[in-house]
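# Fold and geometry: a report
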Amino acid sequence: MHEMSLAESIRGIVEEAREKSPFGRVRTVVLALGELAAVEPDSLRFCFDAVMKGGPAEGAELRIEAVPGEGRCPACASRVALHALYEPCPACGAYGVEVTGGNRMQVLELEVE
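Everything in this summary refers to the structure shown in the same document.

Conventions and cut-offs
- Residues numbered from 1 in each chain as written.
- Predicted model: local features only at pLDDT ≥ 70, side-chain atom pairs only at ≥ 80, totals over all residues.
- Heavy atoms only, no water.
- Buried < 20%, exposed > 50% of the residue type's maximum accessible area, 1.4 Å probe, protein only.
- Helix = DSSP H or I, 4+ residues; strand = E, 2+ residues; numbered from the N terminus.
- Pairing = 2+ DSSP bridges.
- Salt bridge = Lys/Arg side-chain N within 4 Å of Asp/Glu carboxyl O.

Where burial is concerned, the two faces of strand S3 (residues 69–72) differ: the one with Gly69 and Gly71 is buried and the one with Glu70 and Arg72 is not. Of the pairings in the sheet, the one linking S3 to strand S4 (residues 79–82) comprises four bridges and is antiparallel in character. Bridge assignment links arginine 72 to a residue of S4, and that residue is arginine 79. As consecutive antiparallel partners, S3 and S4 are separated by six residues, and within that stretch alanine 77 has a phi angle of approximately 65°, a positive value.

In structure tokens:
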């Protein structure tokens, strides 16, 4: 389950932010999560809660903002919505659509006290 290592990375980001600008505790972590990032949101929430215990983000809300998958088809040059990796172009049916968005995870904001 790579969601555990992702949650640990989020904890590292929280700890780095606290070193740079001391704060009491984290109320909310806002995360952009791409539709094509191969991350299960419910698993990530479970791991987040477990990893944050005993630290400044214990009990924090994990708010996930979904980022839609996007791609470009080299066969027809269409920019298309993608809902899964390796699916054919919805415009022309060709395979090999290049992913151009929605394949990343990024911490956008920490709401702190």
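Once the structure has been displayed, the description carries forward.
This brings us to the pattern of salt bridges. If the charged atoms of two oppositely charged side chains come close together, the side chains can form a pair. Within this structure, the stated rule accounts for four salt bridges. In this structure, arginine 11 engages glutamate 15 in a salt bridge whose closest nitrogen and oxygen atoms are separated by 3.7 Å. Of this pair, arginine 11 and glutamate 15 both sit in helix H1 (residues 2–20), four residues apart, which is roughly one turn of the helix. Relative accessible area serves as the criterion here: at 32%, arginine 11 is assigned to the partly exposed category. Among the ionic pairs, arginine 25 bridges to glutamate 113, the shortest N-O distance being 3.4 Å. Note that arginine 25 is positioned in the loop between H1 and strand S1 (26–34) and glutamate 113 in the segment after strand S6 (105–112), a separation of 88 residues in sequence.

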